[in-house]
Amino acid sequence: MTSAEIPPVHAPEREARIDLEAIRHNVRRIAEVASPAQVMAVVKADGYGHGMLPVARAALEAGAQWLGTAHVAEALQLRRAGIEAPLLAWLHTPATDFAAAVSAGIDLGVSGWELEHVVAAARREERPARIHLKIDTGLGRNGSTEALWDSLVGEAVEYQDQGLLRVVGIFSHLAVADEPHRTETDLQLERFREAVAVAEDAGVDVEVRHLANTPAIFSRPDTHFDLVRAGVGLYGLSPFPTQSPADLGLRPAMTLATMVAQCKDVPADQGVSYGLSYRTAQPSTLALIPMGYGDGIPRSATGGPVRIGDTVHSVVGRIAMDQMVVDLGAGAAVAEGRSVLGQEAVLFGAEPDPSVDLWAAAAGTINYEIVTRIAPRVPRVYLNESVSSESVSGEPGRAD
Ligand SMILES: *Cc1c(COP(=O)(O)O)cnc(C)c1O
């Protein structure tokens, strides 16, 4: 076939399609499981790669009362976009702009050293800061040690009495909630209750105690308290190796799709991609998939699934920066008129598309990482932006 005979195709070359109705559904599902606790939609890292702003808006529409980010810079972006819901940011450095956060009414996680910075910011802005004191109950990352908790609480109460801040919440983060049989969660829960009791004895009247992440929302109702922090579940992914999103009543929100960039017949023993680590066993047909690690697909994910038409194929050979190859096998010969050039190629999505989990398994990582690392060069396209439409309506909107 000459190029003149190939008709132009009016379809996206590559895109991450985000179904905002799936996000809304997941929020409603999580709210039902967590009730009567409130829901914080965790939208850090650009909404786990899904787009922070559209996800935040959809989550609030569906009943999430809070938004959570790691960085103050992320929370400021939400405020600048006009989002007025309560917002918590919890990972700071001495370079964090606490004054901007206080001025924008952003709640701040405080594990220790931050307290003095937050108070200085409150003085400067002449506005009381809103803080959530964080206790390390066993994760060994952020949070106050148990040894320093009494004095952190005492100082916070003093500043609260001076009108410089309000202790809105107390929180902690779980280490092994995705492995429900492990006993460390019980220990963390017990330490959390003790930390809350210490704060209450010191006169703190907290609005929200919060501990649960997505795995704890589904496996540990005793961790729900007043508020749950939902990340990966919001995006419709399961934190458990043995339970699918459908098992949890969740719907994957992201579909990663491109189209076949080349389709050609090759002889037996054709090496494929850098290193020639794969060779065709027989005369075969190869399809070129124009995505690679430059698009955020892990280079280690050889063997990952790609759906073309009704068939799911596996990536063969090394994944390169821009491209990867699937072997369609014998019987797919271009010479016999079966070229798949220009056909849609879906890496993952909701059923019947391959799952994100299969890519995670191929790359030796978790589903969280697969969606979060999809690169900015892949356009995000939003489905069901308006709340009223239950189905895909008309042209999908592009995010700015
Ligand atoms: C990222 C994060 C969450 C969300 O965790 P998921 O497992 O994705 O639900 C909750 N809390 C904190 C402190 C986090 O950093």
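Here's the deal with the overall build of the protein chain
- In terms of helices and strands, the protein chain carries 12 helices and 20 strands.
- With the principal axes as the frame, the protein chain shows a C-alpha extent of 80 × 40 × 40 Å.
- Taken across its 400 residues, the protein chain has 52% of its residues classed as buried.
- A separation of at least 24 residues holds for 65% of the contacts in the protein chain among residues at least 6 apart in sequence.
- Working note: accessible area of the protein chain is about 17,700 Å², and carbon and sulfur atoms make up 50% of it.

Some remarks on the pairing of strand 1 (residues 14–19)
- Taking burial as the measure, the 6 residues of strand 1 include 5 buried ones, the bulk of the element.
- Bridging between strand 1 and strand 10 (residues 254–259) involves 5 bridges; their strand directions are antiparallel. Across the sheet, residue R14 finds its bridge partner in strand 10, namely T258.
- Sheet analysis places strand 1 next to strand 19 (residues 380–383), joined by 4 bridges and oriented parallel. Among the inter-strand pairings, R17 is bridged to a residue of strand 19, identified as V381.

Regarding the site of the ligand
- In the vicinity of the ligand, the contacting residues are K44, Y48, W90, H173, N213, T214, P215, R229, A230, G231, V232 and Y368.
- V232 places a polar main-chain atom, nitrogen or oxygen, 2.8 Å from an oxygen atom of the ligand.
- Contact distances for the ligand include 2.7 Å between an oxygen atom and a side-chain N or O atom of Y368.
- Relative to its unbound accessible surface of 390 Å², the ligand loses 94% to contact with the protein.

Notes on a negative patch on the surface
- Where like charges cluster on the molecular surface, the negative patch consists of E116, E155, E158 and D161.
- Among the elements that take part in the negative patch, helix 7 (residues 146–161) stands out by supplying 3 residues, more than any other.
- In this structure E116 comes out as partly exposed when scored by relative accessible area, which is 40%.

Things to note about helix 6 (residues 114–125)
- Taking 1.5 Å of rise per residue, the 12 residues of helix 6 would be expected to cover 16 Å, and the 16 Å separating its terminal C-alpha atoms lies within 8% of that figure.
- By the burial criterion, the buried members of helix 6 are E114, L115, V118, V119, A121 and A122. All buried residues of helix 6 fall inside an arc of 160° around its axis, so they share one side.
- Next to the buried residues of helix 6 lie helix 5 (98–103), strand 5 (107–110), strand 6 (129–134), helix 7 and strand 7 (165–171).
- At the exit of helix 6 stands E126, carrying a positive phi of roughly 50°.

Some points on the packing of helix 6 against helix 7
- The interhelical angle for the contact between helix 6 and helix 7, taken along N-to-C directions, is 5°, at an axis separation of 11 Å. In terms of orientation, helix 6 and helix 7 fall into the roughly parallel class. On the side of helix 6, the interface is formed by L115, E116, V119 and R123, while helix 7 contributes L152, E155, A156 and Y159.
- Split by residue class, the contact of helix 6 with helix 7 holds 5 nonpolar, no polar and 3 charged.

Some details on the nonpolar core
- The biggest cluster of nonpolar side chains holds 120 residues, and the ones touching the most others in it are I131, I308, L347, F348 and W359.
- In contact with I308, not counting residues within four places along its chain, are V260, A287, I289, H313, V326, L328, V340, Q343, E344 and A345.
- Membership of the second largest hydrophobic core comes to 5 residues, among which are V266, V272, L286 and V316.

Let's talk about the domain arrangement of the protein chain
- Here the domain parsing of the protein chain yields domain 1 (3–14 + 254–383) and domain 2 (21–235).
- With centres defined by C-alpha atoms, the gap from domain 1 to domain 2 works out at 39 Å.
- If you look at the interface, domain 1 gives 8 residues, while domain 2 gives 9 residues.
- Contact between domain 1 and domain 2 buries roughly 730 Å² in total, counting both sides, with carbon and sulfur atoms accounting for 60%.
- In terms of surface lost to domain 2, no three residues of domain 1 exceed Y368, T372 and Y382, which account for 60% of the buried area on that side.
- Across the contact surface, domain 1 and domain 2 share 0 salt bridges.

Re helix 11 (residues 356–363)
- For helix 11, the full list of buried residues reads V356, W359, A360 and A363. Looking straight down helix 11, one finds its buried side chains confined to an arc of 100°; they lie on one side.
- Elements that come into contact with the buried residues of helix 11 comprise strand 15 (305–308), strand 16 (311–316), strand 17 (324–329), strand 18 (344–348) and helix 12 (367–372).

Here we look at the packing of aromatic side chains
- Within this structure, the stated rule accounts for 4 aromatic pairs.
- A ring pair is formed by Y48 and Y235, whose centres lie 4.7 Å apart and whose planes are at 25°; its orientation type is stacked. Of this pair, Y48 sits in helix 2 (residues 44–48) while Y235 sits in the loop between strand 9 (227–230) and helix 10 (245–248), and the two are 187 residues apart along the sequence.
- Given the relative accessible area of 1%, Y235 is considered buried.
- Between F192 and F225, the aromatic rings sit 5.0 Å apart at their centres with planes inclined by 75°, giving edge-to-face as the arrangement.

Brief notes about the pairing of strand 6
- In terms of burial, strand 6 is a largely internal element, 5 of the 6 residues being buried.
- The parallel pair strand 5 and strand 6 is bridged by helix 6, and the resulting crossover is right-handed.
- In this structure, strand 6 lies alongside strand 7, joined through 6 bridges in parallel fashion. Across the sheet, H132 pairs through a bridge with G169, a residue of strand 7.
- Following the backbone out of strand 6, through helix 7 and into the adjacent parallel strand 7, one traces a crossover that is right-handed.

Reading guide: rules and limits
Residues numbered from 1 in each chain as written. Predicted model: local features only at pLDDT ≥ 70, side-chain atom pairs only at ≥ 80, totals over all residues. Heavy atoms only, no water. Helix = DSSP H or I, 4+ residues; strand = E, 2+ residues; numbered from the N terminus. Buried < 20%, exposed > 50% of the residue type's maximum accessible area, 1.4 Å probe, protein only. Contact = heavy atoms within 4.5 Å. Areas by Shrake-Rupley, 256 points an atom, 1.4 Å probe, with all protein chains shown as cover. Pairing = 2+ DSSP bridges. Near = heavy atom within 4 Å. Polar contact = N/O pair within 3.5 Å; in protein donor to acceptor, adjacent residues only side chain to side chain. Patch = residues over 30% accessible without salt bridge, like charges linked within 9 Å, V, L, I, M, F, W, Y side chains within 5 Å. Salt bridge = Lys/Arg side-chain N within 4 Å of Asp/Glu carboxyl O. Lys, Arg positive; Asp, Glu negative; His and termini not counted. Charge placed at Lys NZ, Arg CZ, Asp CG, Glu CD. Expected span 1.5 Å × (residues − 1). Arc of directions from axis to C-beta. Axes fitted to C-alpha atoms, helices over the stretch in contact; angles between N-to-C directions. Parallel < 35°, antiparallel > 145°, perpendicular 65-115°, else oblique. Nonpolar A, V, L, I, M, F, W, Y, C, P; charged D, E, K, R; others polar. Core = buried A, V, L, I, M, F, W, Y, C linked by side-chain atoms within 4.5 Å. Domains from an automatic or database assignment. Buried area = accessible area lost by both parts, 1.4 Å probe. Phe/Tyr/Trp six-rings, centres within 6.5 Å; stacked < 30°, edge-to-face > 60°. Right-handed = clockwise from strand over helix to strand, strands pointing away.

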